[in-house]
Amino acid sequence: MTARVGVVTFPGSLDDGDAARAVRLAGGEAVRLWHNDPDLRGVDAVVLPGGFSYGDYLRCGAIARFAPAMESIVAAARDGLPVLGICNGFQILCEAHLLPGALTRNQHLHFRNRDQLLRIESVDTAFTNSFTSGQEVLIPVKNGEGCYVADERTLDELEATGRVVARYVGGNPNGSQRDIAAITNEAGNVVGIMPHPEHAVEALTGPSLDGLGFFTSILKHLAGAPA
Amino acid sequence: MTTQPDIASSEATDVTNPAAPDAGAPDGAAAAAEPAPADGLAVDAYPAGPDTVERATATPAELQPYPELGLRDDEYERIRQVLGRRPTQSELAMYSIMWSEHCSYKSSKVHLRQFGEKAPPSDRMLAGIGENAGVIQVSDTLAVTFKVESHNHPSFVEPYQGAATGVGGIVRDILAMGARPVAVMDALRFGAADHSDTARVLPGVVAGVGGYGNCLGLPNIGGEVVFDPCYQGNPLVNALSIGVLPVDRLQNKAAAGAGNVVVLMGAKTGRDGIGGVSVLASATFDDGSEQRRPSVQVGDPFTEKLLIESSLELYDAGLVVGIQDLGGAGLTCALTETAAAAGTGMQVWLERVPLREPSMEPHEILASESQERMLLIVEPEKLDAVLATAEKWGVLATPIGEVTPAGADGEPGRLVITWRGHTVVDVPPGSLADDGPVYARPMREPADLILLQADRAETLPRPATPEELRETLLRMVASPNLCDKTWVTEQYDRYVLGNTVLAQPEDAGVIRIDEESGLGVALSLDGNGRYARLDPYNGARLALAESYRNVAVTGAQPVAVTNCLNFGSPEDPAVMWQFAEAVRGLADGCAELGIPVTGGNVSFYNQTGAAAIHPTPVVGVLGIVDDVARRVPIGFPTPTTQDGDLIFLLGETRLELSGSEWAWVTHEHLGGVPPRVDLVREQVLARVIADAARAGHVSAAHDLSDGGLAQTLVESCLRRGVGAQITVPEEFATGSMPFVYLFSESAGRAIVVVPRDREDAFGEICAQHELPATLIGVTDAISGALEVRDQFTIGLDELRTAFTATLPRLFGPAVNDPAEDAGASARAGVPVAASASAQTAPPEAPPSDGGAAETPGAPAADNG
């Protein structure tokens, strides 16, 4: 049985189709979930895709957090459901307090889309277990509000507990503190990442195939998880 | 093209030229030159409400402020004839909008007819000129629709919103044809790069194009960024969108079927955008002029995204009979065009239109250019399903009217609009949509043209030593028009939707439209105002040739054309002559190439005082790529052998420097005649590259245009950090001839990279088509340099530094970015596919076509 990975569509989600494609290319089954429906349809994991949910008009992710689907996801995540938030999904996870800190406007104030080197710092999460620690990967970054901020104590704690999942290498594209590109929660089942692994899954359309590892990790994680 | 509403709406009102559009016309001049009329001239407020048909009939002598609305005496008389009475206030507003230059194409119509008359037969064209956008069939089941449109004046007044709503407007045109929009492009022209106002306009325009397109989830796959002092007061923002639809989902705008419901879907209607066509520029409509919002519309891409998703759901469920987007002329245009297209009438209850400001009066509701709205024609039994779909996406949808039958005598129906029980409009819709005035305006060749053409750049002093040549090359690649445009393009999302196969700085954008078969389309957008200034007929043909070539070098087959014609005032006979010549050139060129014009846009009045912009026809060519895995990128790939792959120059190089980037950058010179254009040669070039690409004989190809061979080589080297050794042919070896070989802008040329074991096969294809192919050198991954034998060697790092520093220096380096300079080379040096580790290898092998995608990565200029 293949892993069933839910991809949530909010009004204003943009990379939902790409996330579903990445799940399929990694060998999973993509299940489309709707923001207004609390039913998670028995999925084994969830991806919150990139985009501008609700126009990002109030504050990125601030409204999406209250969607009926999110209420189910927050509860399930606390019970161990693997949840990957990409870009806007990362912002939603922070707003939902599944992850600490916040994403603010890029320091240079521009939207920026470039191919970005990342160093994988933690391979103990449901989404990075296919990588080796310290491995460098090339993944597109594209955001206007991707500057990760948290108070010093939180940052220190993230570092001390190995919860910084990936860092920017060779230039920080948005001013994130401590070059943080991705973090995880204490249990390692919830990961938020600013760059877009779903855009690096095909040689023809991406800068590399490195993004696939985030999605194959889900399958590996589920295969090893107790039934 | 001749009937469509047009974003250019706001452009007819030249903000820098307060005169109304027709102010200079002989018989309108006197009236328009008058100051705004005193209150006594205004239509008195009707005690019980608005100016109604009943009242208009009863007060035939009422003075109306038609000259202030841009209508001439004879045009006003014609309205009275059509109606058999004076128009009401609302009707006058509607006629002044629909008969304005941008909606009626009254100055351009007589010329634009050539696009249809000279068009080659095409069995691919499912919809053409006159529709919201042209539709081209690309396979048994799929079609694409594409169009480019201007939003020039709004972008000068308010760069962010002007550019943003330009993107929003063209995307709705594509949506209205039944297509899912899949990409955007932007051709941008600004004043001098170092002018202080450019520093105001450019960042706002770029952020606006990006802000809207990024938020819609549409990849930006290419375009142009051009600087020239002629655009200082009149920047050009031309936006293109392309969409894909199943052939049987094609929509039309006809309001067919009496009894069908007219539904307005999308944003509420507000006072924004009013005045775009100078309708309310007069103080006579009401006294509350201080309440009027600026004439630039304000965009809400989130609402547009919801509008796209809900419209597509309606199409797929077969719930709409007709659909039309609301563009420059708002409800006025949508109502009259949908009714006129079907020959039906329509009854509209205007008070049902959801308003942002409840105090809006009928003429304001009709004239509002509020964004993100669509008009649907729906069968009554499907209305509930339509409303439910809109509600699912959180979009407002409101029934505001009903289609009424055509007259019993076969006459078209009438458009009747009531507001709170008063009949404020009762008109034949065709009189607004189709029967506007048409003028054959006077034309005269510009008086200075003969002298200008005699002042040839070929007579300018040219670099003649290796040192001079080296210095010239470094100066040229750093010049604003040739330098790296990453500062602009990295503000655009090029990855979203996951089908971008090539994007800027490639010669053309390539989008996969069928994941199963690999079917894709290629698009390029090109123009050269300097060439068109020197010779508008051939300038238009050169723009067409360049766009065609840019599409062809990706391996695509060019099939259709769209265009955006940016000119000064049509009331200036010299501008009108330029326009006529450019249209004639483009129409002739398309006929020669055998590809039809499917639609486009005219933007006049790009003029500040007496100074018009260079005539700037921007041409978009669409091509079909049978299998995107076979697309050809511009960057030199890692050589297949240690001795490097072979670099061929296809086509012929002549001494052609007039109008060139070199003449402008080094001598600030513009004169002479532009390069010769040979469209038969362009066709041959396209065929050779397509055949060679299909057979796998070429691993890279890059067209030659602005900046000549030198620029092309630099871009191909820097794209993936692979150098080259070039030898100038013997006949170009002495004196200043190496310079000519490197910087001449002769058309019909491209370079290709051919692996050594494919040399013979490739040579055969060239010979078969009698295309001159000159072996000019080899690629070189070891030297890290571009070497021109006996002339100079420049390291790629030095080239990259020169190439990439210009825009960050002018428009501000990105802060907190150590990668901005030093890192750029590191980035470009990263073999883009190499970082895919074994552990993250995909379950299936990737297409073995040479590695990573060409979309991202190392910077290169978009001079394509």
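As the structure is a computational prediction, the values presented were derived from the model and not from experiment. (Residues numbered from 1 in each chain as written. Chains lettered and ligands numbered in written order. Predicted model: local features only at pLDDT ≥ 70, side-chain atom pairs only at ≥ 80, totals over all residues. Heavy atoms only, no water.)

Cis peptide bonds are those with omega within 30 degrees of zero, and the linkage from Gln504(B) to Pro505(B) qualifies with 5°. For Pro505(B), the position within the fold is in the loop between strand S14 (500-502) and strand S15 (509-512). Here Arg41(A), not a glycine, exhibits a phi torsion of approximately 55°, which is positive. If you trace the backbone, Arg41(A) turns up in the loop between strand S2 (29-34) and strand S3 (45-48). Of note in the backbone geometry, Asp790(B) takes a positive phi value of approximately 65° without being a glycine. With respect to the helices and strands, the residue Asp790(B) is situated in the loop between strand S27 (785-788) and strand S28 (792-795). (Helix = DSSP H or I, 4+ residues; strand = E, 2+ residues; numbered from the N terminus.)

What follows deals with the nonpolar core. Counting 120 residues, the largest nonpolar core has Leu48(A), Phe215(A) and Leu376(B) as its most contacted members. Residues lining this core come from more than one domain, with at least three contributed by each of domain 1 (9-108 + 252-433) and domain 2 (132-246 + 449-458 + 466-589 + 606-840) of chain B. With residues up to four places along the chain from it excluded, the contact list for Leu48(A) reads Val8(A), Phe10(A), Met70(A), Ile73(A), Val83(A), Leu84(A), Gly85(A), Ile86(A), Gly89(A), Ile92(A) and Leu93(A). (Core = buried A, V, L, I, M, F, W, Y, C linked by side-chain atoms within 4.5 Å. Buried < 20%, exposed > 50% of the residue type's maximum accessible area, 1.4 Å probe, protein only. Domains from an automatic or database assignment. Contact = heavy atoms within 4.5 Å.)

The next thing to look at is the UniProt feature "binding site: Mg(2+) 2" (unreviewed entry) in chain B. Residue and element names in this part refer to chain B. Under the UniProt annotation, "binding site: Mg(2+) 2" (unreviewed entry) lies at Asp173 and Asp325. For the residues just named, distributed over 153 residues, the greatest C-alpha separation is only 6.3 Å, placing them together at one site. Along the polypeptide, Asp173 turns up in helix H9 (residues 159-176). For Asp325, the residues in contact, after removing those within four places along its chain, are Asn132, Gly169, Arg172, Asp173, Ala176, Ala334, Arg373 and Met374. (UniProt positions renumbered as here; feature names shortened; annotations may be inferred.)

It is worth spelling out the UniProt feature "active site" (unreviewed entry) in chain A at this point. Residue and element names in this part refer to chain A. What UniProt calls "active site" (unreviewed entry) maps, in this numbering, to Cys87, His196 and Glu198. The greatest C-alpha distance among the residues just named is 10.9 Å, despite their covering 112 residues of sequence, which places them together in space. Among the secondary structure elements, Cys87 is positioned in the loop between strand S4 (83-86) and helix H3 (88-95). Overall, Cys87 belongs to the buried group, its relative accessible area being 8%. If we skip the residues at most four places from it in the chain, Cys87 touches Gly50, Lys142, Asn143, Ile193, Met194 and His196. Within the secondary structure, Glu198 sits in the loop between strand S11 (190-193) and helix H5 (212-224). Given the relative accessible area of 2%, Glu198 is considered buried. Ignoring anything within four residues of it in the chain, the contact list for Glu198 reads Asp15, Asp18, Ala19, Ala22, Ile86 and Phe215. In terms of polar contacts, Glu198 uses its side chain to reach the side chain of His196, at 2.8 Å. (Polar contact = N/O pair within 3.5 Å; in protein donor to acceptor, adjacent residues only side chain to side chain.)

Here the focus is helix H23 (residues 679-694) of chain B. All names here are of chain B. End to end, H23 covers 22 Å across 16 residues, agreeing with the expected 22 Å (1.5 Å per residue, within 8%). Along H23, twelve of the 16 residues are buried, which leaves the element largely enclosed by surrounding structure. Inspection of H23 places Leu679, Arg681, Glu682, Gln683, Val684, Leu685, Ala686, Val688, Ile689, Ala690, Ala692 and Ala693 among the buried residues, and these make up the whole buried set. Capping the start of H23 is the job of one residue whose side-chain oxygen sits 3.1 Å from the backbone nitrogen of Val680: Asp678. Where H23 terminates, the next one or two residues include Gly696, which has phi positive at roughly 80°. (Expected span 1.5 Å × (residues − 1).)

Residues and elements named next belong to chain B. Strand order across the open sheet formed by seven strands is S23-S25-S22-S26-S24-S27-S28, with mixed pairing between neighbours. Here the strands that pair on one side only, and so sit at the sheet edges, are strand S23 (700-703) and S28. For this sheet the average axis-to-axis angle between neighbouring strands, irrespective of direction, equals 20°. Sheet analysis places strand S22 (residues 646-650) next to strand S25 (residues 750-754), joined by five bridges and oriented antiparallel. When the bridges of S25 are listed, Leu646 appears paired with Val754. Against the sheet, helix H27 (residues 796-804) engages strand S24 (723-726), S27 and S28, with an angle of about 70° to S28. (Pairing = 2+ DSSP bridges. Axes fitted to C-alpha atoms, helices over the stretch in contact; angles between N-to-C directions.)

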